[in-house]
Amino acid sequence: MLRLTSVLTCCAVLVVGCATADTERPAGDALTVGLAAPVSCLDPHQTPQTSNLHVSRQLVDSLTDQDPRTGEIVPWLATSWQVDENAERFTFTLRDGVTFSDGAPLDAAAVVANLDDIAKLGARSPLGSGYLAGYEGATALDAKTVEVRFGAPSAQFLQATSMVTLGMLSPGTLGKTPEQRCAGGLAGSGPYVLGRVALNEEVRLSARTGYAWASKLAAHQGVPRVRALTFAIVTDPSARHGSLRSGQLDADLQVLQQDQRSFGERGPRLLSATRPGIVFTLLPNESRPALRDPAVRLAISAALDRSRFAPLLAAGERPATDVLASTTPGYADRSADLAYAPDEAARLADAAGWRRGPDGVRAKGSERLSFDLVYSANEAYGSVYQLMAQQLAEVGIELRPTPLDDATNSARQGSGDYDFVSWAVTRGDPTVLASVYPVESANPLRRAKPDEVDSTIARIATVIDPAERARAVAAAAEAILSRGHGIPLFEQASSVGLAERVTGVRLDASGRPIFQDAEVKA
C-alpha cells in the first residue's frame, strides 16, 4: 500500500544461476511467485504493506468483492446486504456452510469478532481504522445475519468490506497476540492455508481441502487447482526477471519498466492494470520552514513536466492528471492544475523571496531552496526522481534524491527526518484520500492544524448521493492541489509477469493478484 518498504539487498532464495528449464519442473499443481520485498506481517488486519497483503489475500475471504472493470460491489461471504437511507446501518446475510481452516464456523458472531478486533487494534491497523471510522459496533441478529452500526453516515464502508484488511480470521486467531498473528499464527476462510513461514525467505501455502465459497468474480468456485503456492522473496529485479524467463519462477509480481519490452506473444506474458486510489505523489514535510509556504510547494509542482515521465514508467502507468488515479470513482481530469509552467514556478519563487544564488540554486538569506527526497534504494522509480531533480534545477530549486536501505528509510520516515517522500495508496474509493492528507492520518505532510483539507475529505465519507459525493471529491482535490499539499506525479500500475504455462491469474480491484483460478500446464 504505502511505498515505505525498502527491500533487503541480497536475500533472494532464488538466483538465476541455479534456474532449471521450465520443461524440467513438475507441472500441474505447484506455482512459485517472486515477491520484491520481504514479508514482515501476515495479519491482514494490521499490515498496510503490499508484499504482505499479496500473501494474506490468498488466506482470507471478505464479505464482498469489487469488480475491477465496473467498480460494482458483488457477493462473496455475504450473499446480500441492506443499507439504510443514512448509510449508518449495514445488514449482511451470510453464506451457508463457510468455515475457517481451523474448523470454526464463519457465522455472524465471527464477523462481529473480526470487526471488533480491527476497531480495537486502532493505530495498529492503519488501513482498518479508516475503513471503520465512526464504527459503533456490530450485532449478530442470528447465526447468518450481521448488523453493523456507525455513528454518522459511512458511504465508504460497503466498498471497504471488499478490501483484504477487512478479511475474516477465525475466532481462535483473534485470541492470539498481534505479534503472533504477524508471524503467521492465523487461520482464515480463504482458498489457501499457511505452511512454512520464513518471513525473509519464503511463505508456502497449500490449497484448502473442501473450499467452495469463492467470490462471485471467480471462474472456479472450488478447491484451487494449484495445490502448492510458494511466495519466494527475490529482492533483485534482475534475478526475478531472469528466473521467470528461465522457468524457475512462475510469476514476478513486480516487473520493472526496463524488463517489460522482453514480453511478447510467445513466452512469458505481462498482466498489468492501473491501480485505483492516490496516485504516486510527492508529499512535502510541511514542518520544514521552506515547505511551510504553499508558494514553494506550488512552484515545485509547476516546474515538473510530467509528460516527460512517460518513457520511464511501466505498462499501465501514466503521468498523473488528478490526485486520484483514473480508475478511482470520483476521478476527474484536473491536468490543467498540473500543467508544466516553469515561468509560473519562477514567479512564485521570486514572489516568496527566493533569489538565485551564484550556483544557480535559489536562496533566502543563508537558507538554500534545497530538499531531500528519501526513498527505498530498490524502488523502481529512481530514474523518475533524477529527471525531477533536473527539471527543478532549471528554475533554481535543488532536489536531492536520497536512496536509503530499509532500516534507515523506515527510521527517517518514521521520525520525520526528510523534506519529501513519495507515496501511493491503493483503494477503489475516493475516501482513500483520508489515509494520507488529514492531520489524524499517518500523515507524511506533518501537518498539525486541521483545515479545509480535513473537512472536505471527511465529507466524502458521509455523502450518499452520487452527484453530491462527486462534488465533495472535487472540493477535496481542489483543497489539496490549490495549496500544494500533494504534488501528483504518475498513476501506478500492477505489472505481473507470468510464465507461458500459467493461466487464470487475475488482478482484483486493488491490482492484487488472485490465484484461485490459476492453472499450471505441462
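From a predicted model like this one, the values you see are computed outputs, not experimental measurements. (Residues numbered from 1 in each chain as written. Predicted model: local features only at pLDDT ≥ 70, side-chain atom pairs only at ≥ 80, totals over all residues. Heavy atoms only, no water.)

Q: Could you clarify how one ought to interpret the pattern of salt bridges in this entry?
A: Two side chains that carry opposite charge are able to pair once their charged atoms sit near each other. Inspection of the entire model under this criterion finds 29 salt bridges. The shortest N-O distance in the salt bridge between Glu-491 and Arg-318 comes to 3.1 Å. Pair noted here: Glu-491 is in strand β21 (residues 487-491) and Arg-318 is in strand β14 (residues 318-319), with a separation of 173 residues, a long-range link. Here the salt bridges share partners, and the residues they tie into one network are Asp-359, Arg-368, Asp-372, Glu-398 and Arg-400. (Salt bridge = Lys/Arg side-chain N within 4 Å of Asp/Glu carboxyl O. Helix = DSSP H or I, 4+ residues; strand = E, 2+ residues; numbered from the N terminus.)

Q: Help me understand the state of the cysteines in this model?
A: Defined simply, a disulfide is a covalent bond joining two cysteines at their sulfur atoms. Under the definition given, this model contains one disulfide. The disulfide bridge from Cys-41 ends at Cys-182, spanning 2.0 Å between sulfur atoms. An S-S torsion of about -75 degrees defines the bridge between Cys-41 and Cys-182 as left-handed. Of this pair, Cys-41 sits in the loop between β1 (30-35) and α1 (50-56) while Cys-182 sits in helix α6 (residues 178-182), placing them 141 residues apart in sequence. Cys-182 shares its class with Cys-41; the two are buried. (Disulfide = S-S within 2.5 Å. Buried < 20%, exposed > 50% of the residue type's maximum accessible area, 1.4 Å probe, protein only.)

Q: Explain helix α9 (residues 342-351) to me, please; I cannot follow it from the model alone.
A: Residues lying three or four places apart along an α-helix face the same way, a consequence of the helix completing one turn every 3.6 residues. Looking at α9, one finds that the buried residues are Ala-345, Leu-348 and Ala-349. For α9, the buried positions fall inside an angular range of 95 degrees around the axis, keeping them on one side. Turned more than 90 degrees away from the buried face of α9 sit Asp-343 and Ala-351, all of them exposed. Following α9 by one or two positions, Gly-353 has its phi on the positive side, about 90 degrees. (Arc of directions from axis to C-beta.)

Q: Whenever I open this one, unusual backbone geometry confuses me. Can you help?
A: Leaving glycine out, the prevailing phi sign among residues is negative, and the prevailing peptide bond configuration is trans. Here the phi dihedral of Ala-87 falls at roughly 55 degrees; this positive angle occurs in a residue that is not glycine. As for its position among the elements, Ala-87 is in the loop between β4 (78-83) and β5 (89-94). With a phi close to 55 degrees, Arg-446 is a non-glycine residue in the positive phi region. By secondary structure assignment, the location of Arg-446 is in the loop between β20 (420-426) and α12 (452-460).

Q: Looking at this structure, how should I read the packing of helix α8 (residues 294-302) against α9?
A: Each pair of packed helices gets described by two things: the angle between the helix axes and the distance between those axes. Closest axis-to-axis distance for the α8/α9 pair is 8 Å, and the angle between their directions is 160 degrees. If you check the angle between α8 and α9, you find them roughly antiparallel. For the element pair α8 and α9, the recorded crossing hand is left-handed. Residue-level inspection shows Ala-295, Leu-298, Ala-299 and Ala-302 of α8 in contact with α9, the latter providing Pro-342, Ala-345, Leu-348 and Ala-349. The residue makeup of the contact of α8 with α9, split by class, is eight nonpolar, no polar and no charged. (Axes fitted to C-alpha atoms, helices over the stretch in contact; angles between N-to-C directions. Parallel < 35°, antiparallel > 145°, perpendicular 65-115°, else oblique. Left-handed = near helix turned anticlockwise from the far one by under 90°. Contact = heavy atoms within 4.5 Å. Nonpolar A, V, L, I, M, F, W, Y, C, P; charged D, E, K, R; others polar.)

Q: How should the packing of aromatic side chains be read in this particular structure?
A: Considering all chains together, one arrives at 12 aromatic pairs under this definition. A centroid spacing of 4.7 Å and a plane angle of 50 degrees characterise the contact between Tyr-381 and Phe-490, whose relative ring orientation is tilted. A residue pair is termed long-range when its members are at least 10 positions apart, and Tyr-381 in the loop between β18 (370-376) and α10 (382-393) and Phe-490 in strand β21 qualify at 109 residues. With a relative accessible area of 7%, Tyr-381 lands in the buried category. (Phe/Tyr/Trp six-rings, centres within 6.5 Å; stacked < 30°, edge-to-face > 60°.)

Q: What am I meant to see in the sheet that holds strand β8 (residues 192-198) here?
A: In any sheet, the strands associate via hydrogen bonds between backbone groups, in a parallel or an antiparallel arrangement. Read across the open sheet, the seven strands follow the order β8-β9-β10-β1-β11-β22-β12; overall the sheet is mixed. Here the strands that pair on one side only, and so sit at the sheet edges, are β8 and β12 (269-274). Here five bridges tie strand β9 (residues 202-207) to strand β10 (residues 228-233), and the two strands are oriented antiparallel to one another. In the strand pairing of β10, Glu-202 is matched with Ala-232. (Pairing = 2+ DSSP bridges.)

Q: What is the right way to look at helix α11 (residues 406-415) in this model?
A: When α11 is considered as a whole, its buried residues turn out to be Asn-409, Arg-412 and Gln-413. One side of α11 carries all its buried residues, which in axial view fall inside an arc of 95 degrees. Structural note: α11 exposes Ala-407, Gly-414 and Ser-415 on the side pointing more than 90 degrees away from its buried face. Close packing links the buried residues of α11 with β18, β19 (398-404) and β20. Structurally, the start of α11 carries an N-cap: the backbone nitrogen of Ala-407 is 3.1 Å from a side-chain oxygen of Asp-405. One or two residues past the end of α11 sits Gly-416, with phi positive at roughly 85 degrees. (Polar contact = N/O pair within 3.5 Å; in protein donor to acceptor, adjacent residues only side chain to side chain.)

Q: Whenever I open this one, the packing of α12 against helix α13 (residues 466-482) confuses me. Can you help?
A: Between α12 and α13, the least distance of the axes is 8 Å, while the angle of their chain directions is 155 degrees. Relative to α13, the element α12 lies roughly antiparallel. The way α12 lies across α13 gives a crossing that is left-handed. In this structure, α12 uses Glu-452, Val-453, Thr-456, Ile-457, Arg-459 and Ile-460 to contact α13, whose residues at the interface are Glu-468, Arg-469, Ala-472, Val-473, Ala-475, Ala-476, Ala-479 and Ile-480. Of the residues contributing to the contact of α12 with α13, the split by class is nine nonpolar, one polar and four charged.

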